Amino acid sequence: MPERGAQRRLSLAFLDRKLEERYQLAGGQEGISGFRMIALASAVIWAVAAFLLPVATGLAPAVSTTATTTMAVLSLVGVVLSRWAPTLDRQHALAALLTSANALVILGLALAGGVLPGYGIAAMLLLFVWGIVARTRFVYAGIRTVVMGAGFIVAVLLYPDREVLALDLLLFMAAAAGSLLGLRILERNRRRLFVQNVVIQEQGERLAEEMARSERLILNMLPQPIATRLRAGERTIADDYPSVTVLFADIVGFTPLAARLTAHDVIEVLSGLFSAFDELVEARGVEKIKTIGDAYLAVGGIGDPGDDHAGRVVGLGLDMLEEAARHVVLDQPVQLRIGVHTGPAVGGVIGSRKFAFDLWGDTINVASRLQAQASPGLVHISESTWELLRDRCDGKAEGEHALRGHAPVRTFAVTGLRGPTRGADVGRERRPAAG
């Protein structure tokens, strides 16, 4: 396989066709204005020459005017045709055609006016200079030089006193060789620089993709406000949250279910379900904390404690129930137990190499116990959460529940949530209460 940026020996074109196409388009976009300016300059020079040629040479005004007008118009046609020359090759093909036509007409006028020595060679050298200014591609410069050289040799052969043209011929050959060598070096260096820029651009894009991927991974492990603080250089993060709403969700009967599945199927089930939950979490504007086996922990109120975190988390729970029912495993829809509790908590980042954000406190324990006692298909919430949402909740009281390690707690089973909250259910009706 050819090395990146490898070129053909004669034309210097890249062996990589796609790279050559990129170079052609980039060079064409960069050079189009310069090509038009040179073509316009050629038209202006020919227009001025229409007045100077009869004075400086023995040409009849009718001959010089016809020739110069024709070349001026041809130069303007080149400007118009540049609209259909988006690539470097098309522009330089037009330039080579115009330059060759200029050279042949100049030689014919110089021969007819008897000024081939001096004026003729000066005009040829000027064309070579313009070719370098335009940085003509080597392959087109070669074609143009062959045409100009053939025309010059014919003019020399037709000139009556050809001995006086020996020095002119030497100058022409030196200018032709020098311009070709210079243009070859320019194009080779220009192409090398282009390849370097392409490599740098691709490396920059890959770096940006890696940074974006790292950013997504960080945000998947850490809440956004916490990730922002870590990136800002904060190393010890420990916060008291006066009011957060915590959600625990657990798959009903997952242990016996997993025993009937292969390891690949278990991971596929959890990955598909939890990935869908991640999208719901993002839509609701809450934070995923972690997964523990088949349990999913999310919290609202970190970073925006006054922004209806209870409504958003309960709405998330209802969305998760609907989403789980869409996932069928062993011909059975997945069911969840969900517990939600609102209260104070402590949060912080632990670890020095592998960062992890976690929550501690009685609020988390109560949410976990509520999940354990929840009925499948319902969001089991505590009284503290119910009080924040009682005017918007569809559900029923479940009475008091004795929680392990905690005093009895009044709980409620929520089946629907009225009114919009930020996230997935904005602008649509929640499902009606059961029964």
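Just so it is clear, the structure is predicted and the values come from calculations on it, not from any experiment. (Residues numbered from 1 in each chain as written. Predicted model: local features only at pLDDT ≥ 70, side-chain atom pairs only at ≥ 80, totals over all residues. Heavy atoms only, no water.)

### Topic: the overall build of the protein chain
Our working rule: Numbering of helices and strands runs from the N terminus, with a helix taken as a DSSP run of H or I at least four residues long and a strand as a DSSP run of E at least two residues long. Using C-alpha atoms as the atom set, the radius of gyration is obtained and then compared with a globule rule of 2.2 Å times the number of residues to the power 0.38. Between buried and exposed lies partly exposed: a residue is buried under 20% and exposed over 50% of the maximum accessible area for its type, with that area taken using a 1.4 Å probe on protein chains only. Residue contacts follow a heavy-atom distance rule, with two residues in contact if any of their heavy atoms lie within 4.5 Å. Areas reported as accessible are Shrake-Rupley estimates using a 1.4 Å probe. Residue values count occlusion only from the protein chains shown. Counting rule for charge: Lys and Arg are taken as positive, Asp and Glu as negative, and neither His nor the chain ends is counted. Every charge is mapped onto a representative atom, which is NZ of Lys, CZ of Arg, CG of Asp or CD of Glu.
Regarding its fold elements, the protein chain presents 12 helices and 10 strands. On C-alpha atoms alone, the protein chain measures out to a radius of gyration of 40 Å, which is more than a quarter above the 22 Å that the 2.2 N^0.38 rule sets for 435 residues. The principal-axis extent of the C-alpha atoms belonging to the protein chain is close to 120 × 45 × 45 Å. Going through the 435 residues of the protein chain one by one, you find that 44% of them count as buried. Sequence separation of 24 or more characterises 72% of the internal contacts of the protein chain that already satisfy a separation of 6 or more. Carbon and sulfur atoms make up 62% of the accessible area of the protein chain, which amounts to about 22800 Å² in all. Side-chain charges of the protein chain comprise 44 positive and 43 negative groups, with the mean position of each set lying 7 Å from the other.

### A closer look at helix H1 (residues 17-56)
Rule in force here: Helix span is expected to be 1.5 Å times the residue number reduced by one. Bend, in this description, refers to the angle at a residue between axes fitted to the seven residues ending there and the seven starting there. Polar contact is defined as a pair of N or O atoms within 3.5 Å, subject to the rule that within protein one atom must be able to donate a hydrogen and the other to accept it, and that residues adjacent in sequence are counted only when both atoms are side-chain atoms.
The terminal C-alpha atoms of H1 lie 51 Å apart, and with 40 residues this falls more than 12% below the ideal 58 Å at 1.5 Å per residue. Along H1, the sharpest change in direction is near 45° and occurs at glycine 31. Between the side-chain oxygen at the start of H1 and the backbone nitrogen of lysine 18 there is a gap of 3.1 Å, and the oxygen is on aspartate 16.

### Some words on the packing of H1 against helix H3 (residues 88-113)
Quick note on the threshold: Think of each axis as a best-fit line through the C-alpha atoms, taken over the contacting stretch in the case of a helix, with angles from 0 to 180 degrees between the N-to-C directions. Oblique is the label for every angle not falling under 35 degrees (roughly parallel), over 145 degrees (roughly antiparallel), or within 65 to 115 degrees (roughly perpendicular). Each crossing gets its hand from how the near helix is turned against the far one by less than a right angle, where anticlockwise is left-handed and clockwise is right-handed. Each residue gets one of three labels, nonpolar for Ala, Val, Leu, Ile, Met, Phe, Trp, Tyr, Cys and Pro, charged for Asp, Glu, Lys and Arg, and polar for the others, Gly among them.
Interaxial distance between H1 and H3 falls to 8 Å at its minimum, and their mutual angle equals 20°. Classified by the angle between their axes, H1 and H3 sit roughly parallel to one another. Crossing hand, H1 versus H3: left-handed. Residue-level contacts link Tyr23, Gln24, Gly27, Gly28, Gly31, Ile32, Phe35, Ser42, Trp46 and Leu53 of H1 to Leu88, Asp89, Gln91, Leu94, Ala95, Leu98, Asn102, Val105, Ile106 and Leu109 of H3. Looking at the contact of H1 with H3, its residues break down into 12 nonpolar, seven polar and one charged.

### Concerning the packing of aromatic side chains
Formally: Stacked, tilted and edge-to-face are the three classes applied to pairs of Phe, Tyr and Trp rings, where Trp contributes its six-membered ring and a pair requires centres within 6.5 Å; stacked means planes under 30 degrees apart, edge-to-face means over 60, and tilted covers the rest. Here, a charge over a ring is recorded when the distance from Lys NZ or Arg CZ to the ring centre is within 6 Å and its angle to the ring normal is within 35 degrees.
If you walk through the whole model with that rule in mind, you get nine aromatic pairs. Consider the rings of phenylalanine 14 and tyrosine 23, whose centres lie 5.6 Å apart with planes at 90°: the pair is edge-to-face. Grouping residues by exposure puts phenylalanine 14 and tyrosine 23 together as buried. A centroid spacing of 4.6 Å and a plane angle of 0° characterise the contact between phenylalanine 152 and phenylalanine 172, whose relative ring orientation is stacked. On the criterion of sequence distance, the pair formed by phenylalanine 152 in helix H5 (residues 138-158) and phenylalanine 172 in helix H6 (residues 166-221) is long-range, its members being 20 residues apart. In this structure phenylalanine 152 comes out as buried when scored by relative accessible area, which is 1%. For arginine 83, the ring lying beneath its charged end belongs to tryptophan 84, and the centroid distance is 5.1 Å. Over the aromatic face of phenylalanine 14 sits the side chain of arginine 191, whose NZ or CZ is 4.8 Å from the ring centroid.

### Description of the packing of H3 against helix H4 (residues 116-133)
Taken N-terminus to C-terminus, the directions of H3 and H4 make an angle of 175°; their axes are 9 Å apart at the nearest point. When the axes of H3 and H4 are compared, the pair comes out roughly antiparallel. From H3, Thr99, Asn102, Ala103, Ile106, Leu107, Ala110 and Leu111 reach across to H4, where they touch Leu116, Gly120, Ala123, Met124 and Leu127.

### Some remarks on the side chain of glutamine 7
Considering the arrangement of structural elements, one finds glutamine 7 in the segment before H1. On the basis of relative accessible area, glutamine 7 is assigned to the buried category, the value being 18%. Engagement of the side chain of glutamine 7 in a polar contact is seen with the backbone oxygen of leucine 12, the distance being 3.0 Å. Beyond its immediate chain neighbours, meaning those up to four positions away, glutamine 7 contacts Leu12, Ala13, Phe14, Leu15, Arg188, Arg191 and Arg192.

### Quick notes on the pattern of salt bridges
The condition that has to hold: Criterion for a salt bridge: a side-chain nitrogen of Lys or Arg within 4 Å of a carboxyl oxygen of Asp or Glu.
For the structure on display, the rule yields 16 salt bridges. Note that arginine 137 and aspartate 89 form a salt bridge whose closest N and O atoms lie 2.5 Å from each other. Of the two residues, arginine 137 is situated in the loop between H4 and H5 and aspartate 89 in helix H3; the sequence distance between them amounts to 48 residues. For aspartate 89, a relative accessible area of 23% corresponds to the partly exposed category. A salt bridge links aspartate 358 to lysine 290, with the shortest nitrogen-to-oxygen separation between them at 2.9 Å. Of the two residues, aspartate 358 sits in strand S7 (residues 356-360) while lysine 290 sits in strand S2 (residues 287-292), which places them 68 residues apart along the sequence. With relative accessibility at 13%, the residue aspartate 358 sits in the buried group. On the basis of relative accessibility, which here comes to 28%, the residue lysine 290 falls in the partly exposed class. A cluster of three or more residues bridged by salt bridges with shared partners is formed by Glu20, Asp89, Arg137, Glu187 and Arg191.

### Description of the environment of glycine 27
Here glycine 27 lies in helix H1. Its relative accessible area of 4% is what places glycine 27 among the buried residues. C-alpha separation for the pair glycine 27 and isoleucine 292, spaced 265 residues apart in sequence, amounts to 56 Å. Dropping the residues within four chain positions of it, glycine 27 is found in contact with Leu88 and Arg190.

### With respect to the confidence of the model for the protein chain
Rules: For every residue, the predictor states its confidence as a pLDDT score lying anywhere from 0 to 100.
For the protein chain, per-residue confidence averages 87 on the pLDDT scale, and 94% of positions sit at 70 or higher. Across residues 424-435, confidence stays below pLDDT 50; counting only partners more than four residues off in sequence or on other chains, it has 26 contacts.

### A closer look at the nonpolar core
Stated formally: Here the nonpolar core consists of buried residues drawn from Ala, Val, Leu, Ile, Met, Phe, Trp, Tyr and Cys, with membership extended through side-chain atoms lying within 4.5 Å.
By size, the foremost hydrophobic cluster in this structure holds 38 residues, and its most contacted members are Met320, Leu336 and Ile338. For methionine 320, the contacting residues outside a window of four places in its chain are Leu247, Ala249, Phe277, Leu280, Tyr296, Leu336 and Ile338. Grouped together as the second largest cluster of nonpolar side chains are 28 residues, Met148, Phe152, Leu165 and Phe172 included.

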